[in-house]
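# Geometric and topological summary
Residues per chain, in single letters:
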Amino acid sequence: MNFLRGVMGGQSAGPQHTEAETIQKLCDRVASSTLLDDRRNAVRALKSLSKKYRLEVGIQAMEHLIHVLQTDRSDSEIIGYALDTLYNIISNDEEEEVEENSTRQSEDLGSQFTEIFIKQPENVTLLLSLLEEFDFHVRWPGVKLLTSLLKQLGPQVQQIILVSPMGVSRLMDLLADSREVIRNDGVLLLQALTRSNGAIQKIVAFENAFERLLDIITEEGNSDGGIVVEDCLILLQNLLKNNNSNQNFFKEGSYIQRMKPWFHVGDENSGWSAQKVTNLHVMLQLVRVLVSPTNPPGATSSCQKAMFQCGLLQQLCTILMATGVPADILTETINTVSEVIRGYQVNQDYFASVNAPSNPPRPAIVVLLMSMVNERQPFVLRCAVLYCFQCFLYKNQKGQGEIVSTLLPSTIDATGNSVSAGQLLCGGLFSTDSLSNWCAAVALAHALQENATQKEQLLRVQLATSIGNPPVSLLQQCTNILSQGSKIQTRVGLLMLLCTWLSNCPIAVTHFLHNSANVPFLTGQIAENLGEEEQLVQGLCALLLGISIYFNDNSLESYMKEKLKQLIEKRIGKENFIEKLGFISKHELYSRASQKPQPNFPSPEYMVFDHEFTKLVKELEGVITKAIYKSSEEDKKEEEVKKTLEQHDSIVTHYKNMIREQDLQLEELKQQISTLKCQNEQLQTAVTQQVSQIQQHKDQYNLLKVQLGKDNQHQGSYSDGTQVNGVQPEEVGRLREEIEELKNNQELLQSQLAEKDSLIENLKSSQASPGTDEQSSATASARDSEQIAELKQELATLKSQLNSQSVEITRLQTEKQELLRKTEIFAKSARAPGESEAGTAAKTTDVEGRLSALLQETKELKSEIKALSEERSAIKEQLDASNSTIAILQNEKNKLEMDVTDSKKEQDDLLVLLADQDQKIFSLKNKLKELGHPVEEEDELESGDQDDEEDEDEDDGKDQGPI
């Protein structure tokens, strides 16, 4: 406030004193008048005075105007006047710039009044709430006032809006306003709001800003639109630049596809208005924001992929090859295409296939290189072409090979009808234009970057210098030009090419040292005391000589590492050599080139360093310094270490191969185990079927035996009672046999349960052994899982056997009923004359034959079962022997314990089933007791069965006696 009073005090008296009184009276009326019309007229009068008497109105009326905004919101007219007045006080746009001092004072006034206004954050919040009013006279001046506040004190106002509830969302509604003037000023407001504030940028982006802005650009005619399109594009730049989150959201929202129509420029030579050129320039910059080399590599590659898939890259290449395109648009298009293809193989391959619309068609790369080596082309265009060529070769070994191949003798077109990229580079390398020399050398160096194969291939290139003279290698020609004392820019370019060529390529170093003039030239250049301009060349010569030492394989006896270091010590001095080497990184243009990959130079004389070369210097400077100070013994130790590492690598490779072979063997063993399992399951199925057949034969045999006994009994004495307490004796025998069979089955199941218990105990004991080898533990876990699977399979088999026994019991009960029915029929038929004794004897003989056959078949089946069991035991022994040394990891122990618990549960279920079977046996005994037949206990029943069989044999003998 003291500042404001000082400014007022410096103004002249007179009429201004009268205006100050008028402003004071108007302020009093605004503050004290009870009629709305009076307050409205007073505010309108203050608005008319605010432009000319900005200071007075601001000092006296700002507080009253803010009060009006708070209390008179129901009247849009007075609100509009108040907002306009505040805008005139704060804004510097309307100020007449009479002289420089008054302009500075106006700017200071704007920031001072802004500071007073936002000192109470509620004032900004009040302004945001007023923007919700749809009335034009309120909304438009509110937008302008808030924009002016952001221009004056942006960060402070941004922070207030950021913490205000729904503050950003209210401002986003301006883009949907149907009135263009509010919508357009809303875009300007959002530009100021999003400048350098990542948090607000994210909120605006997620409030659907991309969709709305792209719709506005489309409605306005894309690149043919007016300044509104430019404002929308600048706002998009604010949202996307250096904001990875918004860039990813832009890509994921498929908004890159909507950028393609921007670049439909047509082939006509006219129609390039100044606004269209500006719009297209900003559009190209927006594309570069998404694929900038400074972005994360993953985000850049995904945007590059999307640009190729939607056809945006193809559209840019069309502009690249079109005619009549303004020079600045063509330059920016080349830079944009460069970054769209940089490091992304698919886009690089497509760019290599693009042809210019000429007759005959020429590759776009060749056409661009022709512009690069043409000294009549604009400097910025030549820099753009160099950048495009560098981006095409960046991490593109395929493209590097194609470029180098155009220099090899076998691929050069003998007819001379077409010009290749390699010929253009060689032509630029040896032309009289130093800028062409530098660009061609850097371009050729990028064809060799991190590609040892192409460095060796380039050694084959031969050049015909003049008629009658033998051809000279490209490497030798470069050193010849270097020694001729050409311009500094040319020598710097050639030295950068040679350093890139020789680094990490001992063969190229040998070729370079093979020329006896090269080393004396380098030492002579380094040893001289030259001016500042030559110090850079000296540093590069020192770097080249250091590379020749560090990557020397000692194949040339006269230029071994130790001899070269002795030469440096004698002619230059180690300290002097290191000092000259340090000139490179200390150069003022070195740090500038190391910042960005794009060769962006204000003029040709600044074109000294390449970005990739600065990386090489940073990498080699330290190791060369160490190599110079190393003694021969240290070199020997280093070589021994290298040999040891190579041996270690060979050992590792050997063990890797062994592990790979063991993995294959394990796979084969697993396949064999699975095959044996399948065979075992098949054999078990066959055994089960055969056992069921044997059981059926036994049942048939018992039935025949019972029937035969009944026949004999009827023949001997029909008058004897055939029933005991109403029950057939045959039925009693049948029930006994069923009980005996169920007992046997129960014993079999109990024995199988005992086997499973012992197997589980074995598994638990095998878990106790600690594991030492990771591969062995994996194999053990596989073995245990196989055993558990086998256990589950056998448990399933037991369940199926129990089920089959239940079915068998049901069948026996059915046969019992059938037996009773047949007995009744037989009793009736027995009253007729009996069969002849010869027929009975024949029946007996037939039954005995069938019994003997069944017994023989049973013996064969038992022998087969025994053989299968032995085979199965042998397989298990083989598996146990092969996996005896395998340990089990702790996590696999837990899994096995869970499986064992499951198997125990299954055993419990099996025991329950056995209990049910015992219950059934008990119920059958009760039935026998109910029928009146005495039932003995288990031990007595066995002896009783034997006595019954002896009685039956005696009865048979009695029946056969009379015969």
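Keep in mind that this is a model prediction, so the values were computed, not measured.

All right, on to the overall build of the protein then. In terms of regular secondary structure, the protein is built from 42 helices and 4 strands. Considering the protein as a whole, with its 963 residues, one finds that 45% of them fall into the buried category. Sequence-distant contacts in the protein: of pairs separated by 6 or more residues, those separated by 24 or more amount to 74%. Split by element, the accessible area of the protein, about 49500 Å² in all, is 51% carbon and sulfur.

Another point: the packing of aromatic side chains. If you walk through the whole model with that rule in mind, you get 12 aromatic pairs. Ring geometry for Phe-210 versus Phe-249: centroids 5.8 Å apart, planes at 35 degrees, classification tilted. One end of the pair, Phe-210, is in helix 13 (residues 209-219); the other, Phe-249, is in helix 15 (residues 244-252), with 39 residues separating them in the sequence. By relative accessible area, which is 0% here, Phe-210 ends up buried. Judged by relative accessible area, which is 26%, Phe-249 ranks as partly exposed. An aromatic cluster of at least three residues, connected via ring pairs, comprises Phe-206, Phe-210, Phe-249, Phe-250 and Tyr-255. Sitting above the plane of the Trp-140 ring, Lys-144 keeps its charged end 4.1 Å from the centroid.

Attention now goes to the pattern of salt bridges. For the structure shown, the criterion picks out 23 salt bridges. Between Glu-132 and Arg-170 there is a salt bridge whose closest N-O contact spans 2.8 Å. Within this pair, whereas Glu-132 is found in the loop between helix 7 (121-130) and helix 8 (136-152), its partner Arg-170 is found in helix 10 (residues 167-172), the two being separated by 38 residues in sequence. Put simply, Arg-382 and Asp-433 hold a salt bridge, and the shortest N to O gap is 3.1 Å. Of the two residues, Arg-382 sits in helix 22 (residues 379-393) while Asp-433 sits in the loop between helix 24 (421-429) and helix 25 (434-446), which places them 51 residues apart along the sequence. Across the pair, Asp-433 and Arg-382 agree in class, each one buried. Through salt bridges with shared partners, a single ionic network connects Asp-37, Arg-40, Arg-44, Asp-75 and Glu-77.

Our focus in this paragraph is the packing of helix 8 against helix 11 (residues 180-194). Where helix 8 meets helix 11, the closest approach of the two axes is 9 Å, and the angle between their N-to-C directions is 25 degrees. One way to sum up the angle between helix 8 and helix 11 is to call them roughly parallel. You can see that helix 8 and helix 11 cross each other, and the crossing is left-handed. Contact residues: helix 8 offers Phe-136, Arg-139, Trp-140, Val-143, Lys-144, Leu-146, Thr-147 and Leu-150, while helix 11 offers Val-181, Ile-182, Asp-185, Gly-186, Leu-188, Leu-189, Ala-192 and Leu-193. Residue classes in the contact of helix 8 with helix 11 are distributed as 11 nonpolar, 2 polar and 3 charged.

This next bit is on the side chain of Thr-300. Checked against the element boundaries, Thr-300 lands in helix 17 (residues 297-309). At 3.4 Å, the side chain of Thr-300 and the backbone oxygen of Ser-292 are in polar contact. Once you skip the residues sitting within four places of it in the chain, Thr-300 turns out to touch Leu-290, Val-291, Ser-292 and Asn-295.

Turning our attention to the confidence of the model for the protein. Chain-level pLDDT for the protein is 81 on average; 76% of the residues reach the 70-or-more range. For residues 1-16, every residue scores under 50 in pLDDT, and the model assigns this stretch 21 contacts once sequence neighbours within four places are set aside.

Let's shift gears to the packing of helix 31 (residues 532-550) against helix 33 (residues 574-581). At their nearest, the axes of helix 31 and helix 33 sit 7 Å apart, and the two run at 115 degrees to each other. With respect to their mutual orientation, helix 31 and helix 33 come out roughly perpendicular. Here the hand of the crossing between helix 31 and helix 33 comes out left-handed. The segment helix 31 lies against helix 33, with Gln-538, Gly-539, Ala-542, Leu-543, Leu-545 and Gly-546 engaging Phe-577, Lys-580 and Leu-581. In terms of residue class, the contact of helix 31 with helix 33 is made up of 5 nonpolar, 3 polar and 1 charged.

The subject of this paragraph is unusual backbone geometry. The peptide bond linking Asn-359 to Pro-360 adopts the cis configuration, its omega dihedral lying at -5 degrees. A positive phi angle is found at Glu-450, which is not glycine, with a value near 55 degrees. Of note, Glu-450 is situated in the loop between helix 25 and helix 26 (452-458). Positive phi is not limited to glycine here, since Asn-504 has a value of about 60 degrees. Checked against the element boundaries, Asn-504 lands in the loop between helix 28 (488-502) and helix 29 (506-514). The exposure class of Asn-504 is partly exposed, given its relative accessible area of 46%.

Our next topic: the environment of Gln-535. Note on placement: Gln-535 falls in helix 31. Taking the relative accessible area as the measure of exposure, Gln-535 reaches 26% and is therefore partly exposed. Taking the C-alpha atoms as reference points, Gln-535 and Lys-580, 45 residues apart in sequence, are found 7.3 Å from one another.

Bringing a nonpolar patch on the surface into the picture now. A contiguous nonpolar surface patch, about 290 Å² in accessible area, is contributed by Ile-651, Tyr-655 and Met-658. Its place among the elements puts Tyr-655 in helix 37 (residues 632-716).

Another aspect to go through is helix 16 (residues 274-290). The end-to-end C-alpha distance of helix 16, which contains 17 residues, comes to 25 Å, matching closely the 24 Å that a straight helix rising 1.5 Å per residue would cover. Most of helix 16 sits out of view: 12 of its 17 residues are buried. Buried within helix 16 we find Lys-276, Val-277, Asn-279, Leu-280, Val-282, Met-283, Leu-284, Leu-286, Val-287, Arg-288, Val-289 and Leu-290. Buried residues along helix 16 sit against helix 14 (227-240), helix 15, helix 17, helix 18 (312-321), helix 19 (327-341) and helix 22.

Let us look at helix 5 (residues 76-90). The terminal C-alpha atoms of helix 5, which comprises 15 residues, lie 21 Å apart, in line with the 21 Å expected from a rise of 1.5 Å per residue. Where burial is concerned, most of helix 5 is hidden: 13 out of the 15 residues are buried.

This paragraph deals with the side chain of Glu-230. As for its placement among the helices and strands, Glu-230 is situated in helix 14. Here Glu-230 sits buried without a salt bridge, and the closest side chain of opposite charge, Arg-195, lies 11 Å off (N-O distance). A polar side-chain atom of Glu-230 sits 3.1 Å from a polar atom in the side chain of Gln-275. Once residues within four sequence positions are removed from consideration, Glu-230 is found in contact with Gln-275, Thr-278 and Asn-279.

What follows concerns the state of the cysteines. Scanning all chains against the criterion turns up 0 disulfides. With no disulfide of its own, Cys-391 lies closest to Cys-388 among cysteine sulfurs, the gap being 6.9 Å.

Our next topic: the environment of Gln-746. Checked against the element boundaries, Gln-746 lands in helix 38 (residues 729-767). Leave out the neighbours within four places in its chain, and Gln-746 touches Asp-918 and Ile-921.

Conventions adopted
Residues numbered from 1 in each chain as written. Predicted model: local features only at pLDDT ≥ 70, side-chain atom pairs only at ≥ 80, totals over all residues. Heavy atoms only, no water. Helix = DSSP H or I, 4+ residues; strand = E, 2+ residues; numbered from the N terminus. Buried < 20%, exposed > 50% of the residue type's maximum accessible area, 1.4 Å probe, protein only. Contact = heavy atoms within 4.5 Å. Areas by Shrake-Rupley, 256 points an atom, 1.4 Å probe, with all protein chains shown as cover. Phe/Tyr/Trp six-rings, centres within 6.5 Å; stacked < 30°, edge-to-face > 60°. Lys NZ or Arg CZ within 6 Å of the ring centre and 35° of its normal. Salt bridge = Lys/Arg side-chain N within 4 Å of Asp/Glu carboxyl O. Axes fitted to C-alpha atoms, helices over the stretch in contact; angles between N-to-C directions. Parallel < 35°, antiparallel > 145°, perpendicular 65-115°, else oblique. Left-handed = near helix turned anticlockwise from the far one by under 90°. Nonpolar A, V, L, I, M, F, W, Y, C, P; charged D, E, K, R; others polar. Polar contact = N/O pair within 3.5 Å; in protein donor to acceptor, adjacent residues only side chain to side chain. pLDDT = per-residue confidence, 0-100. Patch = residues over 30% accessible without salt bridge, like charges linked within 9 Å, V, L, I, M, F, W, Y side chains within 5 Å. Expected span 1.5 Å × (residues − 1). Lys, Arg positive; Asp, Glu negative; His and termini not counted. Disulfide = S-S within 2.5 Å.

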